[in-house]
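# Secondary and tertiary structure notes
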Amino acid sequence: MTTYKIAVYPGDGIGPEVVEQAVRVLRKLEQTESGLAFALTSFDWGIERWKRTGQVVPDDFLTQLRPFDAILLGAVGWPALLPDHETLAPLVKIRQAFDQYACVRPAKLFPGLKSVLADKGPEHIDFVVIRENSEGEYVDNGGFLKRGTPDEVAIQTAVHTRRGVERILRYGFEMARTRRRHLTMATKSNAQRYAYMLWDEVLAQLAPEYPDVTTERQHCDACVMNFVRWPERFDVVVASNLFGDLLTDLGGILGGGLGLAPSTNTNPERRFPSMFEPVHGSAPDIAGKGNANPIAAILSAGMMLAHLEQPAAATRITRAVERTLAAGNKTPDLGGSLTTQQMGDAVLKFLD
Ligand code: IPM
Ligand code: MN
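Residues numbered from 1 in each chain as written. Chains lettered and ligands numbered in written order. Predicted model: local features only at pLDDT ≥ 70, side-chain atom pairs only at ≥ 80, totals over all residues. Heavy atoms only, no water.

Okay, the overall build of the protein chain next. Along its length, the protein chain carries twelve helices and twelve strands. For the protein chain, whose C-alpha radius of gyration is 20 Å, the value lies close to the compact-globule estimate of 20 Å for 352 residues. Dimensions of the protein chain, computed from C-alpha atoms along their principal axes, come out at roughly 55 × 50 × 40 Å. By residue count, 53% of the 352 residues in the protein chain fall in the buried class. Nonlocal contacts in the protein chain, meaning residues at least 24 apart in sequence, comprise 74% of its contacts between residues at least 6 apart. (Helix = DSSP H or I, 4+ residues; strand = E, 2+ residues; numbered from the N terminus. Rg over C-alpha atoms; globule rule 2.2 N^0.38 Å. Buried < 20%, exposed > 50% of the residue type's maximum accessible area, 1.4 Å probe, protein only. Contact = heavy atoms within 4.5 Å.)

If you want it as structure tokens, here you go:
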């Protein structure tokens, strides 16, 4: 019997609602998959905790998370009460402190769903964006000068290390080898001649080691356009932290909507726990209504199981979601009227 220790961090807004359904799926797998068990520990971190204690997370939140095998996150952020950079800070800290440098975000349109793109179907939209998740534009490196004066200056400097660029590109090459063997690197080296020149150089150095993978460079501005007009030309896309952030919201909507888009924050060496979360945020506008789409959270739990080397259980989740959507089950974001719970029920039914 393998028991995985999972930290559950439902967070804010619709986070708890969608995570509840992902947990139901894990519980069902536990009952039906021999040798698999989960020890789940739930953390009440987020805006509710802030209301009680003045802190979104305790000071030692990283120490508390460190012993777990994985973290399942819902969503963070409640901008009406607290600025986003405060509620979201723990999320970025977890990614960086646990060296979760590979953020994997599939953009895959499931059969039964209509694309936002005219004349594009599931056969056209199946790519994965790998976002560098530990450095780049998200490094907390900057400051203010002459704060509060008319001459105020804000400086925020991105950091790109050769080691960081190399490891994410290698991760992309390895993933391409499990797919259609095509890697696109999205940068902006025509305008940013230090950071993305480094990316260009590292790609050129690595490509000969992966002769079975074709490579291509695109500037990020062209890449967003090409996602829309030629999604079928993409297989694996590797991008820096901020570009990856932008590309994956677009990837999410191409894949049927953010209600369906899962994500990993992976430490491939497994020196630290990895974290799994839907790409969507806390969605305050629909929070508490019980009709958020739980599929992104459920698929994120599936990616967690793949990372934990439980491929059979992971595949059962993906298949159940495929069948759920193919059968026409839809929450309001997909144009239907199912509740979060009913969508969870449908997935559970197809897990059999
Ligand atoms: C994401 C989110 C986060 C990010 C926010 C919440 C800090 O947009 O996971 O894509 O920018 O990384
Ligand atoms: Mn984002």
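Here the narrative resumes, following the displayed structure.
To continue, consider the nonpolar core. Judged by nonpolar contacts, the single largest core of 81 residues is most densely connected at Ile6, Phe127, Leu169, Phe227, Leu247 and Val321. For this core, the element with the most residues is helix 10 (residues 295–307), which contributes eight residues. If we ignore the near neighbours within four places in the chain, the residues touching Leu247 are Val129, Ala186, Cys220, Cys223, Val224, Phe227, Val237 and Ala239. Tyr9, Ile47, Val56 and Leu91 belong to the second-largest nonpolar core, a separate cluster that totals 19 residues. (Core = buried A, V, L, I, M, F, W, Y, C linked by side-chain atoms within 4.5 Å.)

Secondary-structure assignment places Thr331 in the loop between helix 11 (311–326) and helix 12 (340–350). Under the relative-accessibility criterion, Thr331 is labelled buried at 0%. One polar contact links Thr331 to Asn293, side chain to side chain, over a distance of 3.3 Å. (Polar contact = N/O pair within 3.5 Å; in protein donor to acceptor, adjacent residues only side chain to side chain.)

Time to look at the packing of helix 11 against helix 12. Between helix 11 and helix 12, the shortest axis-to-axis distance is 8 Å and the interhelical angle comes to 120 degrees. Comparing the axis directions of helix 11 and helix 12 gives the class oblique. For the element pair helix 11 and helix 12, the recorded crossing hand is right-handed. Side by side, helix 11 and helix 12 meet where Ala320, Val321, Arg323, Thr324 and Leu325 of the first sit next to Met343, Ala346, Val347 and Phe350 of the second. (Axes fitted to C-alpha atoms, helices over the stretch in contact; angles between N-to-C directions. Parallel < 35°, antiparallel > 145°, perpendicular 65-115°, else oblique. Left-handed = near helix turned anticlockwise from the far one by under 90°.)

Here the focus is the sheet that holds strand 5 (residues 126–132). Here five strands make up an open sheet; going across it, the order is 4-5-10-8-9 and the pairing mixed. The outermost strands of the open sheet, each flanked by one partner alone, are strand 4 (102–108) and strand 9 (214–219). Direction aside, neighbouring strands of the sheet carry axes that sit 20 degrees apart on average. Two strands pair when backbone bridges link them, and strand 8 (residues 182–187) and strand 10 (residues 236–239) are joined in this way by four bridges, in the parallel orientation. Counted as the bridge partner of Ala186 is Ala239 from strand 10. Taken strand by strand, helix 9 (residues 241–254) contacts strand 4, strand 5, strand 8 and strand 10, and its axis lies near 155 degrees from that of strand 5. (Pairing = 2+ DSSP bridges.)

Quick look at the side chain of Gln100 now. Examined against the element boundaries, Gln100 turns out to sit in the loop between helix 5 (89–97) and strand 4. Engagement of the side chain of Gln100 in a polar contact is seen with the backbone oxygen of Pro273, the distance being 2.8 Å. Non-local contacts of Gln100, meaning those with residues more than four positions away in its chain, are made with Ile71, Ile94, Arg95, Asn133, Asn265, Thr266, Asn267, Pro273, Ser274 and Met275.

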